[in-house]
Amino acid sequence: MPSRAPARDLSIYHERTRARGVNPFVYWAVRAVLQPLMLIYFRVSRIGREHCPREGGVLLAPNHRSFLDPFVIGICIRRPAYFMAKQELFKPRWQAWVLNALGAFPVRRGEADEDAMETARLLLERGEMVLVFPEGTRIRKGSLGKPKRGVGRLALQTGVPVVPIAVTGSENARRGWKIRPAKVKIRLGRPLTFPRVENPSPRLAAEVTARIWPCVELQWEWLGGLPPLRKAAIVGAGSMGTALATLLARAGIEVQLGCRTPAGAERIQERRENDRLPGVELPDEVQVSTVADIEFGGVDLVCFAVPSRDLPAAVAQVGARIGQRSAVLVLSKGLVPPLGLTPTRYVSERAPARAVGALGGPAHAAEAVRQGASVVLASSDADFRAQFSKILGDAGLDVETTDDVMGAELAACAKNAAALAAAAAATSGMNAAGAAAARVFAETHRLALRAGGRTETFMGLAGTGDLVGTVLAEHSRNRRAGELLGRGVPADQIAVLLEETPESLDAVPLLVRAFEEAGLEAPATTDLGALIDGRIGPEEWVASVRARKAGGRWRERATAGSRG
């Protein structure tokens, strides 16, 4: 547990704030120095300052991104503003004295600190200006956090006007101990007033906070801050698309599930259940329609839940309709034909989305809905990772995040190919199956490293975890495809027999091409591609696997290159 400053020390600062307020000599001297410096260094944009009352008690309610927020907000107003600061900052006595002189008083975070609330109330009733962060702590990435009811309680107890404030950019100013120049924007909204209630109940305080916070969000989004994920559209009503729709609805998201045909949409809408995911009832928050009927410009998140081979058609249909402030999540595992691009790169180049991410890991659709799952969210956008991982966590999933998008997507490709190889070789025994899976997986790992991926991604949920889940899954389509392939069934007949698309059959030939372009030899994957093409039979495939030297090294050809 964090160490706590002695109660006697904290009470001293509360008493000093209540009795004396700011030290005018220290406050105005520091402000005279800091205000011009901060305005220039952070290029502060101040909008709506006329909305802040110049006299009487005022409660400022801003979002919180950085420890700099109280100071950049302070230079926007023409009078001292008091604010709560975490108790740890009051340990050094000199620092505590300076902060207290500037209007800060301590608060014990993570608990109901009645001393801090009483100090804030007394200041407001005395006609001072008090700054309270409704989120309670800094939210450095993603959209705004959830407010606590303390700001509503103070608004009711004192009856003073509440000014909603948004701050953006301050989170970019600090890297370690360095304070860097960053563009900071501040916008003040019109003040809100509420009837005074002497002893408001927690429920009433929460309701008032719920009235204040949307006004903060309005200022935030006006400044270009990341909007919350409220609405999502899912392209593809297969098992995984339906499962994701159900999970997002559990997290409070309005979801539109897009089917290919009107007949399919009507059937799912009437039954509130998808044949691809039997036994799972769709929540009321999920609306079912055709993809063509979805208004993509009005959604915050677009999810492509289609096989890699169908991704070009799906993106061609809706890519231009995706809004610039929407995020995109891709569930396809494999490479996109005909060029063999990774799914997120393919989408990024064709849709004007603000962020694109991929979802990996061992997430069987039905189990994810009923029991939860461990997944990997990969995106180069830190805000999207923070925002969407919170949504998935609220839906009941265990989420790991990474910026290694290349590693995560090639790990998914590797697990599909390795699962196919293991099942195809299993007709000759478990030893052959293990050798086939290991060599194909290791070769793809080599390709990922060449392309900038990381080993830890392959060794984690996105790679080995997903591989084990796929190999053990009784109804895995890639496993069943490998079993049929090992029995001599032609690859072009397997999808018809399974009535669904095993992505591994498409991925392996594209992987072989990727190895050639990267100048890497990959004998196990190349022979698996020959088996899929029908150029060798199952027996010859197994024999080629057994003929490889265990622990042998890959040889790089002279051709240089890398793959994106």
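Residues numbered from 1 in each chain as written. Predicted model: local features only at pLDDT ≥ 70, side-chain atom pairs only at ≥ 80, totals over all residues. Heavy atoms only, no water.

Novice: Residue-level account of helix α19 (residues 491–498), with values.
Specialist: Looking at α19, one finds that the buried residues are A491, I494 and L498. With its buried residues spanning 30° around the axis, α19 presents them on a single face. With respect to the buried face of α19, the exposed residues turned more than 90 degrees away are D492 and V496. Of the surrounding elements, those touching the buried residues of α19 are α18 (477–486), α20 (503–518) and α21 (523–533). Looking one or two residues past α19, E499 carries a phi angle of roughly 60°, positive in sign. (Buried < 20%, exposed > 50% of the residue type's maximum accessible area, 1.4 Å probe, protein only. Helix = DSSP H or I, 4+ residues; strand = E, 2+ residues; numbered from the N terminus. Arc of directions from axis to C-beta. Contact = heavy atoms within 4.5 Å.)

Novice: Go over the nonpolar core with me, naming the residues and quoting the values.
Specialist: Note that soluble globular proteins tend to have their nonpolar side chains buried in a common cluster. Counting 57 residues, the largest nonpolar core has L420, L447, I494, L528 and W541 as the members making the most contacts within it. A total of 15 residues in this core trace back to one element, the largest contributor, which is helix α14 (residues 405–425). Setting aside chain neighbours within four positions, we find L528 in contact with A417, L420, A421, V440, V508 and W541. Counting 37 residues, the second-largest nonpolar core is a separate cluster that includes L248, C259, C303 and L331. (Core = buried A, V, L, I, M, F, W, Y, C linked by side-chain atoms within 4.5 Å.)

Novice: Describe in detail the pairing of strand β6 (residues 162–168), supporting the description with residues and values.
Specialist: Of all the seven residues making up β6, seven are buried; the element is thus mostly covered by neighbouring parts of the structure. Taking every second residue as pointing to the same face, both faces of β6 are buried, with V162, P164, A166 and T168 on one and V163, I165 and V167 on the other. The sheet contact formed by strand β2 (residues 58–62) and β6 spans four bridges and is parallel. The partner of A61 across the bridge, within β6, is P164. The pairing of β6 with strand β9 (residues 185–188) spans four bridges and is antiparallel. The residue bridging I165 from the neighbouring strand is L188, located in β9. (Pairing = 2+ DSSP bridges.)

Novice: How would you explain the sheet that holds strand β13 (residues 301–304) if you had to name every residue and give the values?
Specialist: Here we have eight strands laid out as an open sheet, ordered β12-β11-β10-β13-β14-β15-β16-β17, and mixed in their pairing. A strand with exactly one partner marks an edge of an open sheet, and here the two such strands are β12 (286–290) and β17 (398–402). For this sheet, the mean angle separating the axes of adjacent strands, direction not counted, is 25°. The sheet contact formed by strand β10 (residues 231–235) and strand β11 (residues 254–259) spans five bridges and is parallel. Among the inter-strand pairings, K231 is bridged to a residue of β11, identified as E254. Along the sheet, helix α8 (residues 239–250) contacts β10, β11, β12, β13 and β14 (327–330); its crossing angle with β11, the most-contacted strand, is approximately 170°. Contacts from helix α13 (residues 382–394) reach β13, β14, β15 (355–360), β16 (374–379) and β17 within the one sheet, and its direction differs from that of β16 by about 160°. (Axes fitted to C-alpha atoms, helices over the stretch in contact; angles between N-to-C directions.)

Novice: Which residues make up the environment of E295, and what values go with them?
Specialist: By the secondary structure assignment, E295 is in the loop between β12 and β13. Along the backbone, E295 and S389 are 94 residues apart, and their C-alpha atoms lie at a distance of 25 Å.

Novice: Could you give an account of the packing of α14 against helix α17 (residues 461–472), with specific residues and numbers?
Specialist: Where α14 meets α17, the closest approach of the two axes is 8 Å, and the angle between their N-to-C directions is 30°. Relative to α17, the element α14 is oriented roughly parallel. In the packing of α14 onto α17, the handedness of the crossing is right-handed. Mapping the contact onto sequence places A408, A411, A412, K415, A418 and A419 in α14 and A462, G463, D466, L467, T470 and V471 in α17. (Parallel < 35°, antiparallel > 145°, perpendicular 65-115°, else oblique. Left-handed = near helix turned anticlockwise from the far one by under 90°.)

Novice: So what's going on with a nonpolar patch on the surface? Residues and values would help.
Specialist: Residues V33, L34 and L37 make up a contiguous nonpolar surface patch of about 260 Å² in total accessible area. In this structure L34 comes out as partly exposed when scored by relative accessible area, which is 34%. (Patch = residues over 30% accessible without salt bridge, like charges linked within 9 Å, V, L, I, M, F, W, Y side chains within 5 Å. Areas by Shrake-Rupley, 256 points an atom, 1.4 Å probe, with all protein chains shown as cover. Salt bridge = Lys/Arg side-chain N within 4 Å of Asp/Glu carboxyl O.)

Novice: Give a description of the confidence of the model for the protein that names residues and reports values.
Specialist: Summary statistics for the protein give a mean pLDDT of 89 and a share of 95% for residues scoring 70 or more. Summarising per-element confidence for the protein, the mean pLDDT is lowest in strand β7 (residues 174–175) (75) and highest in β13 (97). Below a pLDDT of 50 lies the segment residues 1–8, which in the model reaches ten contacts outside its immediate sequence neighbourhood of four places, other chains included. Contacts from residues 550–564, a stretch scored under 50 in pLDDT, to residues over four places away or in other chains number 35 contacts. (pLDDT = per-residue confidence, 0-100.)

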